[in-house]
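A closer look at the structure
As a plain string of letters, each chain reads:
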Amino acid sequence: MNIRLALFCVSFFAAGSALAQQPAPVEDRGDALRQGQYRAGIAHRELEQARYDAKLAEQDVLNLRDAHAAAQQQADLRKRELDAAQKAFDAARSRVTAAQKKYDAELSAVDAAHRAAKQVPLGGAANPK
């Protein structure tokens, strides 16, 4: 009996070993293939989404570079306008100062003439005392 049991065990393990070495059944290989294709499809969609996102980001960079250049040109133009306005303001302030001095001088001259006229009597002759 022991020999029969031993032969049975050896043949059982041999059969199990032979099954383990055989290729996977067609159904298992088909499932693995479908899973691989599914994962490849997901990876491809992720790749396409990443490419799309990169294209949008690149377009944003290009648009903002253009906007920055336009803003810089506007800023340069405004700076030149500001400098010109500052020069015009300084010149106008100088003219105001000069005109104020001239006005003050003319006013002083009128005041001096008025004081001189008060000292001389209206008749033109001085009263002898």
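All values derive from a computational prediction rather than experimental measurement.

Another point: the overall build of the protein. When you go through the protein residue by residue, the secondary structure sums to 2 helices and 0 strands. Counting every position in the protein, which comprises 129 residues, the buried fraction comes to 1%. Accessible surface, the protein: about 11900 Å² in total, of which carbon and sulfur atoms supply 62%.

Another point: the pattern of salt bridges. Per the stated rule, a full pass over the model turns up 7 salt bridges. Residue Glu48 pairs with Arg51 through a salt bridge whose shortest N-O separation is 3.0 Å. One end of the pair is Glu48 and the other is Arg51, both in helix H2 (residues 26-119) and 3 residues apart, which spans about a single turn. By relative accessible area, which is 34% here, Glu48 ends up partly exposed. Between Asp90 and Arg93 there is a salt bridge, and its shortest N-O distance comes to 2.9 Å. Placement of the pair is Asp90 and Arg93 together in helix H2, with a separation of 3 residues, close to one helical turn. In this structure Arg93 comes out as partly exposed when scored by relative accessible area, which is 45%.

Thresholds applied
- Residues numbered from 1 in each chain as written.
- Predicted model: local features only at pLDDT ≥ 70, side-chain atom pairs only at ≥ 80, totals over all residues.
- Heavy atoms only, no water.
- Helix = DSSP H or I, 4+ residues; strand = E, 2+ residues; numbered from the N terminus.
- Buried < 20%, exposed > 50% of the residue type's maximum accessible area, 1.4 Å probe, protein only.
- Areas by Shrake-Rupley, 256 points an atom, 1.4 Å probe, with all protein chains shown as cover.
- Salt bridge = Lys/Arg side-chain N within 4 Å of Asp/Glu carboxyl O.

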